[in-house]
Amino acid sequence: MASDEEYFREVVVRLNQQQLELVDDCVDESGSGDREELLLRALREFHKEHSS
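Residues numbered from 1 in each chain as written. Predicted model: local features only at pLDDT ≥ 70, side-chain atom pairs only at ≥ 80, totals over all residues. Heavy atoms only, no water.

With that settled, the discussion passes to a negative patch on the surface. There is a patch of like negative charges on the surface, built from Glu 21, Asp 25, Asp 28 and Glu 29. Its location among the elements puts Asp 28 in helix H2 (residues 17-30). The class for Asp 28 is exposed, based on a relative accessible area of 64%. (Patch = residues over 30% accessible without salt bridge, like charges linked within 9 Å, V, L, I, M, F, W, Y side chains within 5 Å. Areas by Shrake-Rupley, 256 points an atom, 1.4 Å probe, with all protein chains shown as cover. Salt bridge = Lys/Arg side-chain N within 4 Å of Asp/Glu carboxyl O. Lys, Arg positive; Asp, Glu negative; His and termini not counted. Charge placed at Lys NZ, Arg CZ, Asp CG, Glu CD. Helix = DSSP H or I, 4+ residues; strand = E, 2+ residues; numbered from the N terminus. Buried < 20%, exposed > 50% of the residue type's maximum accessible area, 1.4 Å probe, protein only.)

Dropping the structure here:
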């Protein structure tokens, strides 16, 4: 079976200014390193919960 890293080769996320501000707030509150780290963690958690 392929690892999580093999599934996530490239993801393009387009966010408007308000969404970017919300992501930045979440980064600050969660202690995540940056936007990319936060979004990758969210994608991994989503994948884990929804894959069978």
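In a regular helix each residue adds 1.5 Å, so 14 residues correspond to 20 Å; H2 covers 20 Å between its end C-alpha atoms and thus fits that length. For H2, the N-terminal capping position is held by Asn 16, with its side-chain oxygen 3.0 Å away from the main-chain nitrogen of Gln 18. (Expected span 1.5 Å × (residues − 1). Polar contact = N/O pair within 3.5 Å; in protein donor to acceptor, adjacent residues only side chain to side chain.)

Below, the discussion takes up the environment of Cys 26. With respect to the secondary-structure elements, Cys 26 resides in helix H2. On a C-alpha basis, the gap between Cys 26 and Leu 38 in space is 8.0 Å, while along the polypeptide they are 12 residues apart.

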